Amino acid sequence: MNAPPQDALPAQFRPGDRVRVRRAHPPGHLRTPSYIRGQAGAVERLCGAFPNPEELAYNRSGLPRQPLYRVRFRQAELWPHYAGPAADTIEIEIYQHWLEPDEATR
Amino acid sequence: MRGHHDMGGEPAGPVERTEHDYAPWEKRVDAMLVLLGAPERQLMRTDELRRNIEALGPDAYERMSYYERWIASIAATLLQRGVFTADELGRKLAEVEARGA
């Protein structure tokens, strides 16, 4: 794997880390679906670092690049009456600035 | 709190899986965004397209077709960026309408 670009923020999380999505509702163009905010999951992989689309949407540079993670959540924890198998998961790609360490379940 | 476009997890009907042809004007709208975003122009980004589609409001979002949302968003972005003025756009639209009359 290539070294991270100089204009990228360092990755704070590794695969397997427990993370929680920030429960925030700022105005603007947001790339984190509202149904996942406040939920806890596990980092499945680091996808790379990319210009922040929430700033590109306003014709800003989006730099420094934000690390992007694929995070795995348990479906049964997201939906109150989930009828599928208990082991079902959903993976969502989420930028680092939306994630915090999940101390509660560590 | 939740934007109208942010509808993941909300109740919805069945997914329509059939393919359909695009009208020529829809292909032109698609091509227009590619040309506007080309490296030598950089007049618009996909993220700006998304932002201005989200800004349409629930009524327009539901009423418009996919590429109608695109062209509305492209016009809004280019107005915001100062690529053309509302007056210039209005006069050009009137000119094109007169062509078909």
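Note that the structure is predicted; figures quoted are calculated from it, not measured.

Undergrad: How should the interface of chain A and chain B be read in this particular structure?
TA: Much of the literature gives interface size as the accessible area that the parts lose upon coming together. Chain A puts nine residues into the contact, and the matching count from chain B is 12 residues. Per-class residue counts for the side of chain A that touches chain B are five nonpolar, four polar and no charged.

Undergrad: In this structure, what is going on with the sheet that holds strand E2 (residues 40–50) of chain A? I would like to understand it.
TA: Pairing between sheet strands relies on hydrogen bonds along the backbone, with the strands arranged either parallel or antiparallel. Residue and element names in this part refer to chain A. One open sheet accounts for five strands, arranged E4-E3-E2-E1-E5; its pairing is antiparallel. Because the sheet does not close on itself, it has two edges, and the strands there are strand E4 (89–95) and strand E5 (99–101). Mean inter-strand twist for the sheet, computed between neighbouring axes without regard to direction, equals 45°. Inspection of the sheet shows strand E1 (residues 18–21) paired to E5 by three bridges, in the antiparallel sense. In the sheet register, Arg20 faces E5, and the bridge partner there is Glu100.

Undergrad: What exactly am I supposed to notice about the packing of helix H2 (residues 46–54) of chain B against helix H4 (residues 66–81) of chain B here?
TA: Two packed helices can be described by the angle between their axes and the distance between those axes. Residues and elements named next belong to chain B. Between H2 and H4, the least distance of the axes is 8 Å, while the angle of their chain directions is 105°. Here H2 lies roughly perpendicular to H4, going by the angle between them. For the pair H2 and H4, contact is made by Glu48, Leu49, Asn52 and Ile53 and by Arg69, Trp70, Ser73, Ile74, Ala76 and Thr77, respectively.

Undergrad: Looking at this structure, how should I read helix H1 (residues 24–37) of chain B?
TA: Since the α-helix packs 3.6 residues into each turn, any two residues three or four apart lie on the same face. A rise of 1.5 Å per residue sets the reference length of H1(B), with its 14 residues, at 20 Å; its end C-alpha atoms lie 20 Å apart and thus fit the reference within 8%. Where burial is concerned, little of H1(B) is hidden: one out of the 14 residues are buried.

Undergrad: What's the story with the pairing of E1(A) in this structure? I'm lost.
TA: In regular strands, side chains alternate between the two faces of the sheet. All names here are of chain A. Side chains Val19 and Val21 of E1 all project onto a buried face; the interleaved residues Arg18 and Arg20 project onto a face where none is buried. Bridge count between E1 and E2: three bridges; the pairing is antiparallel. The partner of Arg18 across the bridge, within E2, is Ala42.

Conventions used here
- The numbers attached to residues start from 1 for each chain and follow its sequence in the written order.
- All chains are assigned letters beginning at A, and all ligands numbers beginning at 1, according to the order in which they are written.
- Reporting of local features is limited, given that this is a predicted model, to residues whose pLDDT is at least 70; pairs of side-chain atoms are given and counted only at 80 or more, and all residues count toward the totals for whole chains, interfaces and linings.
- Contacts are defined on C-beta atoms placed from the backbone: any two residues whose C-beta positions lie within 7 Å are in contact.
- Amino acid classes used here: Ala, Val, Leu, Ile, Met, Phe, Trp, Tyr, Cys and Pro are nonpolar; Asp, Glu, Lys and Arg are charged; the rest, including Gly, are polar.
- At least two DSSP bridges between two strands are needed for those strands to be called paired.
- By definition, any uninterrupted DSSP run of H or I lasting at least four residues is a helix, any uninterrupted run of E lasting at least two residues is a strand, and each is numbered from the N terminus.
- Fitted lines through C-alpha atoms give the axes, limited to the stretch in contact for helices. The angle between two N-to-C directions lies from 0 to 180 degrees.
- Between 65 and 115 degrees an angle is taken as roughly perpendicular, under 35 as roughly parallel, over 145 as roughly antiparallel, and anywhere else as oblique.
- One less than the residue count of a helix, multiplied by 1.5 Å, gives the span that helix is expected to have.
- A residue is called partly exposed when the number of other C-beta atoms within 10 Å of its own lies between 12 and 20, exposed at 12 or fewer, and buried at 20 or more, with C-beta atoms placed from the backbone.

Interpretation note: all reported values are geometric properties and have no functional meaning in isolation.
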